[in-house]
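Understanding the architecture of this molecule
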Amino acid sequence: MEKTNSLTAKKIAAFTAYSAFERVLIVLSGMISLVIIGKLGKFELAGGSIANTIINILQVPFLSLGTAAMVMISSDERKKRKISYDVTFVSIILSVILFFVVAFFSRPIVNLLFGGTEEKIKDITVCYMSVFKWAIPFMAIDLVLSGCMRGWKNAKTPLTFTVVGNIINIALCIIFVNYMNKGYIGGAYAQLISSAIICIIKIICVGKALSLENTKEKVSLLGMGSVVSKSMPFSVNLFFVRVGFLGMQVVTALLGTEMLTGYQVANNILSVLYAVTGGGEIATMTYVSACWAGNKREYAKKVSYAIAWVSVIILSAMGVLIALKTSFFAEIFNSDISSSESALRVIRIMCITIPFTSFFQCIQGVMNVGNHAKTVTLSTILCSWCMRLPLSYVLVKFCDMGFTGLFIGFMADYLTRTVLYGAISRKLLNRRSL
């Protein structure tokens, strides 16, 4: 019995590590281009950073569809072929819609959100997106198929694909920017080509795996509707999270180009840590839903708390390391002294919030699979948009508190959600049974 528990614990630990590392690499795929084009100047770095934030928002529906497919497959692996086909078809339709949105509305959206920002920065953002829009279908299929594979309890294969994709991205970005003198647009070309290559390879591999299944279900409107319905709470929550960060960029733009660039540098560095907690959330959702499906309530409780507290310890240690070596990490993106100093101030303040963010992001996985996804979404909207953004705006614009005002808003948001999620998830884990 002890041997079985030990093997299961190792599987959970490995799955969590693979999922977390994959999320980190997904974040890095955009950051790699920023690191390289950031050497071209602060305008290129600021414009590329805004484009990268928009790309992160475009990823939201596909990450959510992948998460929904993962939960559905984890609960009933007999339907993995049909669910995989349904979610892939939905992602293709949605990616085509988003392609046309980006193609026709990039300029109006950037002008609306960053009207007071220098024109050169806005032009760089729009040009970058004009190339990246062609990568949206590849990105969509890639993300949803990764979610399907995690539902099969296979997190290693998606990680491998992501590693290979990042290597291709790095190589192409260096070639286009440094040797072919394509400038910042070379980073967009690198992301497009690497996304296309990995997507095609992943389709072939997943297609072969699913062809071995005996079931012959086809794509259906009912199945597609079920996947979309399951993904909506995840999608709405993640959308407001990422748009919330875009809102903070808008507030930071009030402080000037150097401050905006410094905030972007800090946000990119810290987003790696947040990606780790995203992997913890994925692992929590996968194993807790499987445990509840098998009526293993006590084991679900142990797994969820173990993942959460391990994440808190690891990420706090990583936060301390980054805080001590902020100058080194900031100069990777841009050597501008004023931008590096701004990034230094932001990171050291934000490191205080890391224990809270790592805990509540992991534990919200329990709420997402415990019929409380709407509560997560509502709290995200209220805490981010009714607390963090207004508070930060007032402190920055009217109290002249600069970055300190920004992250007082962050702290109020994260502390509130930590207490709320901890209380709700505790009740769920103590009473949930199927």
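Residues numbered from 1 in each chain as written. Predicted model: local features only at pLDDT ≥ 70, side-chain atom pairs only at ≥ 80, totals over all residues. Heavy atoms only, no water.

1. Things to note about the overall build of the chain
Cut-off, in case you're wondering: Going along the chain from the N terminus, every DSSP run of H or I of four or more residues is numbered as a helix, and every run of E of two or more is numbered as a strand. Remark: exposure states derive from per-residue accessible area (1.4 Å probe, protein chains only) relative to the maximum for the residue type, with buried under 20%, exposed over 50%, and partly exposed in between. The criterion used for residue contact is that any of the two residues' heavy atoms lie within 4.5 Å. The method behind every accessible area is Shrake-Rupley, applied with a 1.4 Å probe, and residues are considered shielded solely by the protein chains displayed.
When helices and strands are counted, the chain shows 16 helices and zero strands. Per-residue burial for the chain yields a buried fraction of 56% across its 434 residues. Sequence-distant contacts, at least 24 apart, represent 85% of the contacts inside the chain between residues at least 6 apart. Accessible surface, the chain: about 18,200 Å² in total, of which carbon and sulfur atoms supply 68%.

2. Observations concerning the nonpolar core
Stated precisely, the cut-off is as follows: As used in this record, nonpolar core signifies buried Ala, Val, Leu, Ile, Met, Phe, Trp, Tyr and Cys residues forming a set joined through side-chain atoms within 4.5 Å.
Within the largest apolar cluster, 62 residues are counted, with the highest numbers of intra-cluster contacts made by Leu58, Phe62, Met129, Ile136 and Met139. The greatest single-element share of this core, amounting to nine residues, is contributed by helix H6 (residues 136-151). The contact partners of methionine 129, leaving out residues within four places of it in the chain, are Ala51, Ile54, Ile55, Leu58, Val102 and Ser106. If you look at the next biggest cluster of nonpolar residues, it comprises 57 residues, including Ala266, Val303, Val312 and Val346.

3. Notes on the pattern of salt bridges
Oppositely charged side chains are able to pair whenever their charged atoms sit close together. Threshold: Whenever a carboxyl oxygen of Asp or Glu lies within 4 Å of a side-chain nitrogen of Lys or Arg, that contact is scored as a salt bridge.
As enumerated under the stated definition, the model contains six salt bridges in all. Connected through shared salt-bridge partners, Arg388, Asp413 and Arg417 make up one network.

4. Structural notes on empty space enclosed by the protein
Condition: Buriedness of a pocket was judged along seven lines, with at least five required to meet protein on both sides within 12 Å; pockets are open sets of points on a 1 Å grid over the protein atoms alone, cavities are sets where a 1.4 Å probe fits but cannot get out, and lining residues have an atom within 4 Å of a point. Grid points are joined across faces, edges and corners, and a volume is the space filled by probe spheres set on the points. Under the scheme applied here, ten amino acids are nonpolar (Ala, Val, Leu, Ile, Met, Phe, Trp, Tyr, Cys and Pro), four are charged (Asp, Glu, Lys and Arg), and all others, including Gly, are polar.
Taken as a whole, this structure holds two cavities of 30 Å³ or more when the rule is applied. Approximately 40 Å³ is the volume found for the second largest cavity. Around the second largest cavity sit 10 residues that line it, and Tyr263, Asn267, Leu270, Met350 and Phe407 are the ones nearest its centre. Put simply, the parts of the chain that give the lining of the second largest cavity at least two residues each are helix H10 (257-293), helix H13 (337-350) and helix H16 (402-431). Per element, the largest residue contribution to the lining of the second largest cavity is five residues, and it comes from H10. Counted by class, the lining of the second largest cavity contains nine nonpolar, one polar and no charged residues.

5. Some words on the packing of aromatic side chains
The condition is simple: In this analysis, rings of Phe, Tyr and Trp, with Trp reduced to its six-membered ring, are considered paired at centre separations within 6.5 Å, and the interplanar angle assigns stacked below 30 degrees, edge-to-face beyond 60, and tilted for intermediate values.
With the rule as written, the count across this model stands at nine aromatic pairs. Here the aromatic cluster, defined as three or more aromatic residues joined through ring pairs, consists of Phe99, Phe100, Phe104 and Trp134.

6. Focus on the environment of valine 288
Residue placement: valine 288 occurs in helix H10. With 82 residues separating them in the primary sequence, valine 288 and glycine 370 have C-alpha atoms 9.1 Å apart. If we skip the residues at most four places from it in the chain, valine 288 touches Ala300, Ser304 and Val369.

7. Observations concerning the packing of helix H2 (residues 42-58) against helix H5 (residues 119-132)
How we decide: All axes here are fitted lines through C-alpha atoms, helices being fitted over the stretch that makes contact, and every angle between N-to-C directions spans 0 to 180 degrees. Roughly parallel refers to an angle under 35 degrees, roughly antiparallel to one over 145, roughly perpendicular to one between 65 and 115, and oblique to any angle outside these ranges. A crossing counts as left-handed when the near helix is turned anticlockwise from the far one by less than a right angle, and as right-handed when that turn is clockwise.
Close contact between H2 and H5 brings their axes to 8 Å; oriented N to C, the two are set at 45°. It follows from the interaxial angle that H2 and H5 lie oblique. In this structure, the crossing between H2 and H5 has a hand that is right-handed. Side by side, H2 and H5 meet where Phe43, Glu44, Ala46, Gly47, Gly48, Ile50, Ala51, Ile54, Ile55 and Leu58 of the first sit next to Lys120, Ile121, Ile124, Thr125, Tyr128, Met129 and Phe132 of the second. The residue inventory of the contact of H2 with H5, partitioned by class, reads 12 nonpolar, three polar and two charged.

8. Describing the side chain of glutamine 364
Topologically, glutamine 364 is positioned in helix H14 (residues 354-369). Residue classification places glutamine 364 among the buried residues on the basis of a relative accessible area of 5%.

9. Quick look at a nonpolar patch on the surface
Condition: Without a salt bridge and with relative accessible area above 30%, a residue can belong to a patch; like charges are then joined within 9 Å and nonpolar side chains (Val, Leu, Ile, Met, Phe, Trp, Tyr) within 5 Å.
On the surface, Phe89, Ile92, Ile93, Val96, Ile97, Phe100, Val101, Phe104, Phe105, Ile109, Leu112 and Leu113 cluster together into a nonpolar patch covering about 1,100 Å² of accessible area. Relative to the elements of secondary structure, isoleucine 109 occurs in helix H4 (residues 80-113).

10. Remarks on the state of the cysteines
Each disulfide is one covalent bond, formed between the sulfur atoms of two cysteines. Test applied: Our working definition of a disulfide is a cysteine sulfur pair at a distance within 2.5 Å.
Throughout the structure, instances matching the rule amount to zero disulfides. In this model cysteine 383 remains outside any disulfide bridge; the closest cysteine sulfur is found in cysteine 386, 8.8 Å from its own.

11. As for unusual backbone geometry
Phi angles above zero are rare outside glycine, and asparagine 181 is one such case at about 55°. Positionally, asparagine 181 belongs in the loop between helix H7 (156-179) and helix H8 (185-211).

None of the figures reported here should be taken as evidence of function without further support.
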